[in-house]
Structure formats: C-alpha cells, structure tokens
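Letter by letter, the chains look like this.
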Amino acid sequence: MTVLEAIRKTTEFFERKGLDSPRLQSELLLAHALSLPRMKLYLNFERALTSAEQDKFRELSRRRGTREPLQHIVGTVSFCGLELACSKAALIPRPETELLAQMAWEHLQALPEPAPNVLDIGTGTGCLPIAIAHRCLGAKCTAVDVSTDALRLARSNAEYCGVAERIQFIESDGFSALEPGLRFDLIVSNPPYIAASEIKTLQPEVRDFDPLLALDGGPDGLVFYRRLAAEAGEFLNPNAPLMMEFGDGQAPALREMFSRQNWVVEAVRQDYSQRDRFLIARRP
Ligand SMILES: C[S@@+](CC[C@H](N)C(=O)[O-])C[C@H]1O[C@@H](n2cnc3c(N)ncnc32)[C@H](O)[C@@H]1O
C-alpha cells in the first residue's frame, strides 16, 4: 500500500466514523506514524509503506476511530508555539485559550514591575503559566490545580519548556491552600464551565477523554466563577486584573455576578469566532 492509498483508505474510514476534517486527520496521523512532517507526505505519495508501518498506522487509525483525540494519540499539543505533552490527566489546551495567554503576557509586559507575580487557578497541562513565563522572562507564576495527575503533567511540561524554576505548583481546591497574605499582579483562570446536564451532549473526544473535573461547572456551569468572584479579590494587588475564559452565552450572567461582588468589569473580549469568551475584571 502506498502513502496516498493509506491516506485515502483512512480518510474514508474516518468519514464513516463521523470525524471532522477526515483527510487532515488521516494525514496528521500517518505523518506521526512515519515520523515525518506532514508536508513531506506530499513528496512521498507513491512510496510503499513497509508492513511494520502499515501495522502501526492501522493501530493509530483504529484508536482515532474510537474518537480518542488526535492529541492523545500523538501525545503532544502545540500551545503558543510551545510543545506540551497531553494525556487523560488534563484538558487538551484549546486554541482560544492562547488568546487568554496573550492577553496576560501583553498586560504583564506593559507593567513597570520587572518581576510580576501571576496566579493561574485550574492549570491543567500548565499551558497558561508556561506560555506566560516563556514570554515574560521576569514573571513568577503560581499554578494551582486540585488534580494531582494534572499537576504532575504540568510540572513536567514546565521542565521541558525550560520555565520550571519560575513556576510553583500547588495542589489546592481553589484558593484554599494558598497562604492568606499572598498578593498577585494578575490572576488568570480557565475554569470548568460546562453545565453538568450538558456534558453528555459534548463530542466523544471531549466527553470521554477530557477529565470530568476539567469540564463540570456544576448545575449552571457557573459554580467556579462564584468562587472566583468571592475569593480572588483578596489575592490581588490593588487594581490588578482577574482574566477569565468562559463558555458560550455566559457573559451576561458573569457581568452581573462580578458587578454585584464589587468588581469593575473592564472588558469582555471575543475569541476567533467573534464569540464573547473572556472577562477582565478589577477590584477598585
Ligand atoms: C477547563 S480546565 C483548564 C485547564 C487549563 N488551564 C487550560 O486552559 O487548558 C480546568 C482545570 O481546573 C481544575 N479544577 C477543577 N476544579 C478545581 C478546584 N476546585 N480547584 C482547583 N482546580 C480545579 C481541573 O482539574 C482542570 O485542570
């Protein structure tokens, strides 16, 4: 079987399984199986696969056919140009979260403070503090998660990216394990925000492979934001911002919730699809 035949056959298989972008998925998986950049496949369409390569590609395709995410099969994800390991231990970082990382580092880069302190609540793979520490060489980050497995993955990602000495990882339920006197120049969070009843309607890649802990935002999806609105203020320096990601349609409820808790809602920003996705609030 040639490279092109393998791609065509697997594309048809993925189509039958209902995958989005079946041809692209097939090419990415074959490139991974052959340890080649994807574009190199185009120069090798007529090359015959060895039987070992065919076996490997068949097994990877079978896994993807069960809706296991491509990122879990390949084992990595790209986030802000950095390569991060990903697994069932933590949510696969999403492209829109790169915008939150960018907002954070742009804010920090404009501060006069040369060594700002940043707190990330619910760090998962560690994508946010790792990207922030990578862009802001003076920044020191504290990354909190309630999941031991996620923290282990985040720490190893930070080591791989060369920023581990500037990130402290703390196992904590929300703010509970943080010392009361701590103050940060910025808090970021992409908390679990799916309403519990909606989880069963998510794509299998998300529902069956992202940790429930990373998705479940309680009955209305807003449980974690209530904790942020009530508790984040005392961990911020005067006028320092809280930047959060949130789910579709949650902007009005969050505006109201944060205003009622004496926050100034500075901005609601949109994602790549022009949907409201991020809220920036400050305590005056
Ligand atoms: C939506 S994921 C976001 C992960 C990562 N920040 C990202 O953007 O890809 C939410 C994270 O919050 C963590 N989490 C859930 N409940 C928590 C709690 N009570 N305290 C701290 N972290 C929590 C989950 O383990 C998960 O890693």
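Residues numbered from 1 in each chain as written. Predicted model: local features only at pLDDT ≥ 70, side-chain atom pairs only at ≥ 80, totals over all residues. Heavy atoms only, no water.

The next point concerns the packing of aromatic side chains. Tallied over the full model, the rule gives four aromatic pairs. Aromatic pair Phe 13 and Phe 14: ring centres 5.8 Å apart, planes at 40°, arrangement tilted. For Phe 13, a relative accessible area of 24% corresponds to the partly exposed category. Note on Phe 175 and Phe 235: the rings are 5.1 Å apart at their centroids and 15° apart in plane angle, and the pair reads as stacked. (Phe/Tyr/Trp six-rings, centres within 6.5 Å; stacked < 30°, edge-to-face > 60°. Buried < 20%, exposed > 50% of the residue type's maximum accessible area, 1.4 Å probe, protein only.)

Turning next to the pattern of salt bridges. Summed over the entire model, instances satisfying the criterion amount to 19 salt bridges. Between Arg 38 and Glu 27 there is a salt bridge; the shortest N-O distance is 2.8 Å. Of the two residues, Arg 38 is situated in helix H3 (residues 38–41) and Glu 27 in helix H2 (residues 22–34); the sequence distance between them amounts to eleven residues. Residue classification places Arg 38 among the partly exposed residues on the basis of a relative accessible area of 29%. Where Arg 277 meets Asp 271, a salt bridge forms, and the shortest distance between an N and an O atom there is 2.9 Å. Across the pair, exposure class does not vary: Arg 277 and Asp 271 are buried alike. A single salt-bridge network, built from bridges that share partners, covers Asp 248, Asp 271, Arg 275 and Arg 277. (Salt bridge = Lys/Arg side-chain N within 4 Å of Asp/Glu carboxyl O. Helix = DSSP H or I, 4+ residues; strand = E, 2+ residues; numbered from the N terminus.)

A few words now on the environment of Arg 152. Mapping Arg 152 onto the fold places it in helix H8 (residues 148–160). By relative accessible area, which is 53% here, Arg 152 ends up exposed. Remark: the alpha-carbon pair of Arg 152 and Gly 124, spanning 28 residues in sequence, is separated by 9.5 Å.

The next subject is the site of the ligand. The local shell around the ligand holds 20 residues, among which Gly 122, Asp 145, Asp 173, Gly 174 and Asn 190 are the closest. The backbone of Ser 172 places a nitrogen or oxygen atom 3.4 Å from a nitrogen atom of the ligand. Considering the ligand on its own, with 590 Å² of exposed area, one finds that the protein chains cover 95% of that surface. When contributions to the shell around the ligand are tallied by element, the ones reaching two or more residues are helix H10 (212–215) and helix H11 (223–231). In the shell around the ligand, the residues fall into nine nonpolar, eight polar and three charged. (Near = heavy atom within 4 Å. Polar contact = N/O pair within 3.5 Å; in protein donor to acceptor, adjacent residues only side chain to side chain. Areas by Shrake-Rupley, 256 points an atom, 1.4 Å probe, with all protein chains shown as cover. Nonpolar A, V, L, I, M, F, W, Y, C, P; charged D, E, K, R; others polar.)

Looking at the chain, the domain boundaries give domain 1 (3–66) and domain 2 (89–282). Domain 1 and domain 2 are separated by 35 Å when their C-alpha centres are compared. (Domains from an automatic or database assignment.)

A word on the pairing of strand S3 (residues 117–121). Counting buried residues in S3 gives four out of five residues, a clear majority hidden from the surface. In this sheet, strand S4 (residues 140–145) lies alongside S3 in parallel orientation, the contact comprising five bridges. Bridging from a neighbouring strand, Asp 120 pairs with Ala 143 of S4. For the crossover from S3 across helix H7 (residues 127–135) to S4, the handedness is right-handed. By the bridge criterion, four bridges tie S3 to strand S6 (residues 186–189) in an arrangement that is parallel. (Pairing = 2+ DSSP bridges. Right-handed = clockwise from strand over helix to strand, strands pointing away.)

Let's shift gears to the sheet that holds strand S5 (residues 167–171). With mixed pairing, seven strands are arranged side by side in an open sheet as S5-S4-S3-S6-S7-S9-S8. Edge positions in the sheet fall to S5 and strand S8 (264–270), since each has one partner strand and no second. Neighbour-to-neighbour, the strand axes of the sheet open up by a mean angle of 20°, direction not taken into account. Relative to strand S9 (residues 276–282), S8 is paired through six bridges, and the arrangement is antiparallel. Looking at S9, one finds that Gln 270 is bridged to Asp 276. Where helix H6 (residues 95–109) meets the sheet, it contacts S3, S6, strand S7 (241–245), S8 and S9, and its direction lies at approximately 170° from that of S7. Set on the sheet, H8 makes contact with S4 and S5; between it and S5 the angle comes to about 170°. (Axes fitted to C-alpha atoms, helices over the stretch in contact; angles between N-to-C directions. Contact = heavy atoms within 4.5 Å.)

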